[in-house]
Amino acid sequence: MIEVEELTKRRGGRFAVRELGFHAAPGRVTAFLGPNGAGKSTTLRVLLGLDRADSGRALVNGLPYARLRWPLRVVGSVLEDGAHPARSGRAHLAWVARSNRIPLTRVQEVLGIAGLPDAGGVKVGACSLGMRRRLAVATALLGDPEVLVLDEPVNGLDPEGIRWLRRLVRDFADRGGTVLLSSHLVAEAEAVADDVVVLDRGKLVAAGTVAQVVGARGSLEDAFFALTGGAA
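In this text the structure is predicted, and so the values were computed from the model without any measurement.

### Some words on the pairing of strand E1 (residues 2-11)
The side chains of a regular strand alternate, residue by residue, between the two faces of the sheet.
Part 1: Here E1 runs beside strand E2 (residues 14-24); their pairing, made up of seven bridges, is antiparallel. What sits directly across from arginine 11, in E2, is arginine 14.
Part 2: Connecting the antiparallel pair E1 and E2 is a turn made up of two residues, with glycine 12 showing a positive phi of about 55 degrees.
Part 3: Bridge count between E1 and strand E4 (residues 55-60): five bridges; the pairing is antiparallel. Considered in E4, the bridge of glutamate 3 is made with leucine 59.

### Focus: the pattern of salt bridges
Part 1: Tallying each qualifying case throughout the model produces 11 salt bridges.
Part 2: Put simply, aspartate 51 and arginine 11 hold a salt bridge, and the shortest N to O gap is 2.2 Å. Placement of the pair is aspartate 51 in the loop between helix H1 (40-47) and E4 and arginine 11 in strand E1, with a sequence separation of 40 residues.
Part 3: What makes arginine 11 partly exposed here is its relative accessible area of 34%.
Part 4: Linking glutamate 109 and arginine 106 is a salt bridge whose minimum nitrogen-to-oxygen distance equals 3.0 Å. On the criterion of helical spacing, the pair formed by glutamate 109 and arginine 106 is a turn pair, its members being three residues apart in helix H3 (residues 105-113).
Part 5: What you see here is one network of salt bridges that share partners, running through Arg11, Arg45 and Asp51.

Conventions adopted
- Every residue gets a number counted from 1 within its own chain, in the order that chain's sequence is written.
- Thresholds applied to this predicted model are a pLDDT of at least 70 for local features of residues and 80 or more for the giving and counting of side-chain atom pairs; totals over whole chains, interfaces and linings are not thresholded and use all residues.
- The side-chain figures draw on all heavy atoms in the structure; neither hydrogens nor water molecules are used.
- Strand pairing is assigned whenever DSSP identifies at least 2 bridges connecting the two strands.
- Note on conventions: DSSP H or I runs of at least 4 residues are helices, E runs of at least 2 residues are strands, and numbering of each starts at the N terminus.
- By salt bridge we mean one thing: a side-chain nitrogen of Lys or Arg within 4 Å of a carboxyl oxygen of Asp or Glu.
- Accessible area is worked out with a 1.4 Å probe on protein chains only. A residue is then buried under 20% of its type maximum, exposed over 50%, and partly exposed in between.

Encoded structure:
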């Protein structure tokens, strides 16, 4: 479970997010949508302990991220690729695994899940954008977490990669996991989401199931543009 309660964060004298509240439930894929600058990245950074809220809180399984003893075993995240270009994918995963006492046997398992079973020895700097994105997802899965937090996860993926990610996300939720997926590709989010949270200028403008948010508007994309004043 992800719970965001009355979350407020200022940046440069303005509100990045203001009194934001929503939840993402187990067994569900929650799409986290909003125009550029709406506050999505700020919210995810607070949730993952990378920024501190001015007020309110963001919890994973009832705790702030900083209080999780072995965080990668609870929540896996993709915010950016983050692997050193001079390291191989396998070396990067092994380093991350050791940080949370994850068995090194898990490294080859997640390379296989990510569709990179034979690419672990390739230096990250020599990988395509799509391969780096798959490696980031593999890193998120290392601890066999209960929660996935994904920020623009399809960036750099080709059509086959997008289908792979859809299946992975759907299977993760169907097995009881919690998925919070931030994307500017509204139609892509609609393809996998059960629930939707929409932000505009730091404030919540809609939350509910896909059907509830869409209403009579025809599609999630139509609803998104209506709710955000046509912002892209």
